[in-house]
2 protein chains.
Amino acid sequence: MLSIGKLSAATGVKVPTIRYYEQIGLLPEAERSAGNQRLYGPKAQERLGFIRHARDLGFPLEAIRELLSLSDRPDIPCAAADQIAKRQLAAVHARISRLQALQAELERMIVQCAHGRISDCRVIGVLGNHQLCLHDDHGEAGQG
Amino acid sequence: MLSIGKLSAATGVKVPTIRYYEQIGLLPEAERSAGNQRLYGPKAQERLGFIRHARDLGFPLEAIRELLSLSDRPDIPCAAADQIAKRQLAAVHARISRLQALQAELERMIVQCAHGRISDCRVIGVLGNHQLCLHDDHGEAGQG
DNA sequence: CTAGGTCCTCTAGCGACTAGAGCTTCAAGG
DNA sequence: CCTTGAAGCTCTAGTCGCTAGAGGACCTAG
């Protein structure tokens, strides 16, 4: 049985975060020692490892909750888990495209900076003027 | 003079967001009509356009605040603005690399999904098992 | 003059934590 | 056995960048 600190060290999840996960019901309520301190067995460690890993991959906690409830019933088809992963992949795709556009624009801004006065500076100029900008639409700002 | 609603329509920034920007001091306090409603001139519109644009590019509000304070003094050198843009670019680079690794892993998970039972499912399996995973370190999770 | 759309202020909520106050418990050393 | 200090506990509030809603005031078109 591990204390919360040892569990934290073992999984790389910070102590307050573990308590937070318990609070929102992502982890079951931990057993307690005589002195009311949390104790964790290997199952809890595994579950927390799963959560940690999924968070690393950018899954939101709600998706992880779903994934966990799925993995609690090993006899159902995995299409649902597949779907969740695909949704996550699509979100990641979108984020990458967006960031790449952004990167291009920042590079352009920096290259064009006259290194003179602010009034000549592209960094300020581009941001203040939609004409000088790569994305000139201003309808969608979707950021999953 | 535009009402807040017209300004919102003109810039694509939502009404409560405009009030929020005023509240945190990113926009100056607006003039008011006889009936206490906000009125905006072209300067405010320009400033809000700048903010909107910088937000689109992923600048945090604090960086925008800095940029704005820079552009309020057009006689100083633009090295500071340049620095901010470069800092942003570095952060964007890092985000992209991270997301690309993530994308690779998600694709691997999905491709390998056995389309069978949850118990065989890669999505669950990979998440529960560090051995099956590309990133096997678990120290940093830095996400800007 | 009325209807309803827009505006006002204020407060609370989102996700996913993080930080701090003020207390208790535990493990190691003397 | 006693002390010390690290680690644990609960609770609340803060972070970022908004967003939503309540409950009212105002403004404009018909």
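Cut-off values and rules
Residues numbered from 1 in each chain as written. Chains lettered and ligands numbered in written order. Predicted model: local features only at pLDDT ≥ 70, side-chain atom pairs only at ≥ 80, totals over all residues. Heavy atoms only, no water. Near = heavy atom within 4 Å. Polar contact = N/O pair within 3.5 Å; in protein donor to acceptor, adjacent residues only side chain to side chain. Buried < 20%, exposed > 50% of the residue type's maximum accessible area, 1.4 Å probe, protein only. Helix = DSSP H or I, 4+ residues; strand = E, 2+ residues; numbered from the N terminus. Arc of directions from axis to C-beta. Contact = heavy atoms within 4.5 Å. Phe/Tyr/Trp six-rings, centres within 6.5 Å; stacked < 30°, edge-to-face > 60°. pLDDT = per-residue confidence, 0-100. Axes fitted to C-alpha atoms, helices over the stretch in contact; angles between N-to-C directions. Parallel < 35°, antiparallel > 145°, perpendicular 65-115°, else oblique. Left-handed = near helix turned anticlockwise from the far one by under 90°.

An unreviewed UniProt entry lists chain A under the name MerR family transcriptional regulator, with Paracoccus siganidrum as the source organism.

Section: the protein's contact with DNA strand D
Neighbouring DNA strand D are 17 residues; G5(A), R19(A), R38(A), Y21(B) and R55(B) lie closest to it. Of what DNA strand D places within 4 Å of the protein, 89% of the atoms are sugar or phosphate. Side-chain polar atom of R19(A) to a phosphate oxygen of DNA strand D: 2.3 Å apart, as the coordinates give it. The contact in question runs from a phosphate oxygen of DNA strand D to an N or O atom on the side chain of T17(B), over 3.0 Å.

What about the protein's contact with DNA strand C?
Around DNA strand C, a shell composed of 18 residues is seen, among which Y21(A), R55(A), G5(B), R19(B) and R38(B) lie nearest. The contact atoms of DNA strand C, taken as those within 4 Å of the protein, divide so that sugar and phosphate hold 90%. In this structure, a phosphate oxygen belonging to DNA strand C sits 2.3 Å away from a side-chain N or O atom of R19(B). In this structure, R32(B) approaches DNA strand C through a side-chain N or O atom, which is 3.0 Å from a phosphate oxygen.

A short note on helix α1 (residues 4-11) of chain B
All names here are of chain B. Among all positions in α1, only I4, L7, S8 and T11 are buried. Projected down its long axis, α1 carries its buried residues within an arc of 100 degrees, all on one side. Opposite the packed face of α1, turned more than 90 degrees from it, sit the exposed residues K6 and A9. Looking at the buried side of α1, the elements it contacts are β1 (2-3), α2 (15-23), β3 (38-40) and α3 (42-56).

As for the environment of R52(A)
Mapping R52(A) onto the fold places it in helix α3 (residues 42-56). Among the residues examined, R52(A) registers a relative accessible area of 6% and is labelled buried.

Focus on the packing of aromatic side chains
Residue and element names in this part refer to chain A. Summed over all chains, the structure comprises two aromatic pairs over all chains. Measuring from ring centre to ring centre gives 6.0 Å for Y20 and Y21, while their planes differ by 45 degrees; the resulting arrangement is tilted. What makes Y20 partly exposed here is its relative accessible area of 38%. The buried category is assigned to Y21, whose relative accessible area is 8%.

Quick notes on the confidence of the model for chain A
Residues and elements named next belong to chain A. Per-residue pLDDT for chain A averages 79, and the proportion of residues at 70 or more is 78%. Taken element by element, chain A is modelled with least confidence in helix α6 (residues 122-128), mean pLDDT 66, and with most confidence in strand β2 (residues 38-39), mean pLDDT 97. This stretch, residues 134-144, has a pLDDT under 50; its non-local contacts, to residues over four places away or in other chains, come to 20 contacts.

A short note on unusual backbone geometry
Residue and element names in this part refer to chain A. In this model, N36 sits at a positive phi of 70 degrees, which is unusual for a non-glycine residue. Looking at the secondary structure, you find N36 in the loop between β1 (31-32) and β2. For N36, a relative accessible area of 52% gives the class exposed.

With respect to the packing of helix α5 (residues 79-112) of chain A against helix α5 (residues 79-111) of chain B
At a closest axis distance of 8 Å, the pairing of α5(A) and α5(B) adopts a crossing angle of 155 degrees. For the element pair α5(A) / α5(B), the angle class is roughly antiparallel. For the element pair α5(A) and α5(B), the recorded crossing hand is left-handed.

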